[in-house]
Every structure is written in C-alpha cells, then in structure tokens.
Amino acid sequence: FTCTAVIEAEEISDMINVNVYVPRPVLLPIQNQTVTQGLNVTFTCIATVGFGLSYLWTIPHLNCVDCGPVALNVPTFTLTDITNEANGLYTCTVTDFINQTATTSAVLTVGGPAILDFSRGPFTLIENNTFSIYCVIQNQIDALEPLTIRWFRMGYFLNDTNTITITSTEENDDNDRIVNSTVLFNPLVPSDNHHQYQCQAFIGNRLFDAIRSDFISLNVRYAPFFGHPLIFSPVRINLSETLILGCITYGNPDPDVRIEDPDGVVLKESNPTVYYTFENVTYDRAGNYRCIANNTIDSIKEIRVRPFEVIIQGRPDMVNASTVRFEFLSFFTIRITWESPNDNFNEINKYELRFTSPSSISSSFTIQPVFEFDT
C-alpha cells in the first residue's frame, strides 16, 4: 500500500507491505476399516482448516456410488455390496483456492470366511480302510448370508460317490458361525491314490471371493495279498519226511508275513515271503496253520490271513501182520481190519491197498475191495 501527500508543489509518499497468510488445509485422519463382504462402507474426509476446498479421492476399484474411474470430488462417498476387489488404500487429497493441498489415507480390509483348521497331510494309507479329511471354516459374524462349502480333488469339483460322503454342519448358534466339513472315504480305494484335495468356502454365492485350504495329499497303498500259494490245503505228508511251508505276499509297501502253528506260535516271520521247514515230521505237527500278512502305515493296520491244514500220514509199512485182522465172512467175502497209527486216518483216500494172491490161485480170480470205515 502507498500513501501520498501533496502540499502545494511538494509531494511526499510512503509505502507499507501487507502479506495475507492463507493456511494450508488441515484434514482429520481417515480411520482404517474392516468390513464384511456384501456390506456397505462409507469414507468421509473432514477439513478443519481451509478455504475454497475441492476434494479428490483415489480409490482402488470402481464399485462406488457417483464416482469416476479414479477420482471423486465429494467429501463423503459410499461403497455398496463390497467384494474383495475393494481391498486397498483410499486417499483423499484436498486443494484450496490457491492450490495448497493436504492428503490423508485409510486402508479398507474386506472380511470374508476364514479357514481355522484343516487336515494336515500328506497321508499314507492302506486301501479298504475308512479315513476322513476335514476343514473348519468360520463365517464373518455380521455376514448377511451363510457359508457355501465345496470340496475339490485335483482341481475338479468333488461329489458324493458310493465310497465318498461329504458332510457339512450348519453354522452353529453360539454366534461364532463355524462350519465343520468332512470328506469320508469308506472304504479307501486305489482311485483315491496320489490325489490332492482342497476345501473351498465363500459367503452366499460370492464364488469369486472364495478362499481355499492348502492341498491335502493322500497316498493310498495296496493292501497285502497272497500270491500263488506254495502250499494247497490240506497238505499231506508222510511221517518222518521233510515238510516245507511257504507264504508269498505282495503289497505296497511289501507286507510283513509270518507262519503260525495250530497253537498260534510264530514259527518264522519275514518280508514279503517266508519259508519254514520241518525235518522228520511227527504226528504232533498235524493241525491248522496260518499265513498272516500285514501292513501298518500311520497307525492303520491291514491284515490278511490264509489258513491251511497239515495232515501227517503214516507210511504203509507201519501196518503189519500184528495190527491186521482177517475175518472170513463167507465164501466170497473176507473182512480185513487194521488200526491206524494216528487219528488223521479217517478219510478213504489216505490208503491205497494192493492185494496179491499166491500163484496157486487161478489168475481169473478177481478181488473187488469194499471199504467200510468207522473212526
């Protein structure tokens, strides 16, 4: 400002400078917010100092009310029916009439379902057993819709089959909205082998906002089984001879196999084939034996049993004149009776009889044995 004074022909003046200070805009901080999928959220930018203000919002997506692609010139705006795309940083920039600016920001976190727990694989299992995997999922307390749970195998949607049953509990009533979902394999079959399973959860029908568990891997092994038998039941062997028992098994991994005698005593154990030899067998070796094969993986045991009978037969020379009785029942019939050395002799096919006659008897004489057995 200049002040000038004129007296007659003389003029004097003086100057004073006046600076007007315009304070920068001052903004209150915007609060970070966590909002559940499907609900609405409002952001407000409040300036406590400033003149001639304009607002510029930078937002991470387009789903808002009356907003442009990137910016919005209003102090308050609302996002409706939010999805995971709304996650991010929201920035408000305020400019006054002399282009002074101030900025404040807030982070929006969109809340969805959370997987609290799930089966921690990998699991190595044996076929034909029962097994289950699970997921525990929690919905947001204020979610408008219940959870939808789905299971996948190798990326493909998993449905119930004759060996697979999927069950999910209702969201419980104690206000934590937890769902337990289970896949039951009953029984495990080889087609379940080397597969990776996942549970998926989303609110209502918001498939694009779904979350998934980590992969749950199953490695299903074949149960033990017996190969072509080395021994066929019943096993018949003559007294004092050598008897070799053997069991051949297969599986993944190779099973342990053992031979048990009639009293359940383990004679020998090996993997995956076992042999046991009796030298100079006696009658007390007769009885019912068992081949037993088993796999044990992750506390799951699969046992297969093949029984067989061992019969010890007396040699023919053990039946001699002192144990044989002859009875002439008629002119045409002679009864020959003998005592067997052991109780094993109760089957007709355990004896083979040969009759010889003195040379003085005519060769046309014919003998036709008729067998009658008691005990």
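Bear in mind the structure is a predicted one, so any value in this text is a computation, not a measurement.

(A) Local environment of the overall build of the chain. Each helix and strand counted, the chain has zero helices and 30 strands in total. Each of the 375 residues in the chain was classed as buried or not, and the buried ones make up 35%. A separation of at least 24 residues holds for 60% of the contacts in the chain among residues at least 6 apart in sequence. Counting only carbon and sulfur atoms, one obtains 51% of the accessible surface of the chain, whose full area is about 22,800 Å².

(B) Expanded view of the sheet that holds strand 7 (residues 54–58). Taken in spatial order, the four strands of this open sheet run 4-10-9-7, and their pairing is mixed. Of all strands in the sheet, those with a lone pairing partner are strand 4 (33–36) and strand 7, marking the two edges. On average, each strand axis in the sheet is inclined to that of its neighbour by 25 degrees, with strand direction left out of account. Here strand 7 pairs with strand 9 (residues 88–95) via five bridges, running antiparallel. Its bridge partner lying in strand 9, Leu56 is registered against Thr93.

(C) The sheet that holds strand 11 (residues 114–118), seen in detail. Overall, antiparallel pairing links the four strands, which are arranged 11-13-17-16 in an open sheet. Each having just a single partner strand, strand 11 and strand 16 (164–168) make up the two edges of the open sheet. When the angles between neighbouring strand axes are averaged without regard to direction, this sheet yields 15 degrees. One ladder, built from eight bridges, connects strand 13 (residues 131–138) with strand 17 (residues 178–185); its direction is antiparallel.

(D) Structural context of the state of the cysteines. Evaluation of the coordinates by the stated rule reveals three disulfides. The side chain of Cys45 participates in a disulfide bridge whose partner is Cys92; the two sulfur atoms lie 2.4 Å from each other. Across the S-S bond linking Cys45 and Cys92, the dihedral sits near -90 degrees, which makes this disulfide left-handed. You can see Cys45 sitting in the loop between strand 5 (41–44) and strand 6 (47–49) and its partner Cys92 sitting in strand 9, a full 47 residues away along the chain. Note on Cys92: relative accessible area 0%, which makes it buried.

(E) The pairing of strand 23 (residues 243–250), seen in detail. For strand 23, the tally of buried residues reaches six of eight residues, placing the bulk of the element in the interior. When strand 21 (residues 225–226) meets strand 23, the two strands line up antiparallel, connected through two bridges. Bridge pairing in strand 23 places Phe225 opposite Tyr250. Both strand 23 and strand 26 (residues 273–278) contribute to a ladder of six bridges, which runs antiparallel. Across the sheet, Gly246 pairs through a bridge with Tyr275, a residue of strand 26.

(F) Structural view of the packing of aromatic side chains. Counted under the stated rule, the structure contains twelve aromatic pairs. On the basis of an interplanar angle of 70 degrees and a centroid distance of 6.0 Å, the ring pair of Phe152 and Phe157 is categorised as edge-to-face. Its relative accessible area of 43% is what places Phe157 among the partly exposed residues. Look at Phe278 and Tyr289: their rings are 6.1 Å apart centre to centre, the planes differ by 70 degrees, and that puts the pair in the edge-to-face class. Taken together, the residues Phe278 in strand 26 and Tyr289 in strand 27 (residues 287–297) connect sequence positions eleven residues apart. Of the residues examined, Phe278 reaches a relative accessible area of 3% and is grouped as buried. A network of ring pairs unites the aromatic residues Phe43, Trp57, Phe77 and Tyr90 as a single cluster. A cation over a ring is seen here: Arg120 above Phe118, with NZ or CZ 3.9 Å from the ring centre. Sitting over the ring of Phe152, Arg212 keeps its end group 4.1 Å from the ring centre.

(G) The pattern of salt bridges, seen in detail. In this structure the tally under the stated criterion is five salt bridges. Glu171 is the partner of Arg177 in a salt bridge, and the nearest nitrogen-oxygen pair spans 2.8 Å. No difference in accessibility class separates Arg177 from Glu171, as the two residues are buried. Residues Arg290 and Glu260 are paired through a salt bridge, measuring 2.9 Å at the closest nitrogen-oxygen approach. Of this pair, Arg290 sits in strand 27 while Glu260 sits in strand 24 (residues 256–260); the two residues are 30 residues apart in sequence, bridging distant segments of the chain. A relative accessible area of 8% means that Glu260 is categorised as buried. The structure contains a network of salt bridges with shared partners spanning Arg258, Glu260 and Arg290.

(H) How the structure looks around the side chain of Arg258. Mapped onto the fold, Arg258 is located in strand 24. Apart from residues no more than four positions distant in its own chain, Arg258 is found in contact with Val266, Lys268, Glu269, Val274, Arg290, Cys291, Ile292 and Asn294.

(I) Focus on unusual backbone geometry. For the peptide bond that leads from Gly121 to Pro122, omega is 0 degrees, which places it in the cis range. Within the element layout of this structure, Pro122 appears in the loop between strand 11 and strand 12 (123–126). The residue after Asn271, namely Pro272, is reached through a cis peptide bond having omega -5 degrees. By secondary structure assignment, the location of Pro272 is in the loop between strand 25 (266–270) and strand 26. In this structure, Asp81 is a non-glycine residue whose phi angle is positive, near 50 degrees. In this structure, Asp81 sits in the loop between strand 8 (76–79) and strand 9.

What counts as what
Residues numbered from 1 in each chain as written. Predicted model: local features only at pLDDT ≥ 70, side-chain atom pairs only at ≥ 80, totals over all residues. Heavy atoms only, no water. Helix = DSSP H or I, 4+ residues; strand = E, 2+ residues; numbered from the N terminus. Buried < 20%, exposed > 50% of the residue type's maximum accessible area, 1.4 Å probe, protein only. Contact = heavy atoms within 4.5 Å. Areas by Shrake-Rupley, 256 points an atom, 1.4 Å probe, with all protein chains shown as cover. Pairing = 2+ DSSP bridges. Axes fitted to C-alpha atoms, helices over the stretch in contact; angles between N-to-C directions. Disulfide = S-S within 2.5 Å. Phe/Tyr/Trp six-rings, centres within 6.5 Å; stacked < 30°, edge-to-face > 60°. Lys NZ or Arg CZ within 6 Å of the ring centre and 35° of its normal. Salt bridge = Lys/Arg side-chain N within 4 Å of Asp/Glu carboxyl O.

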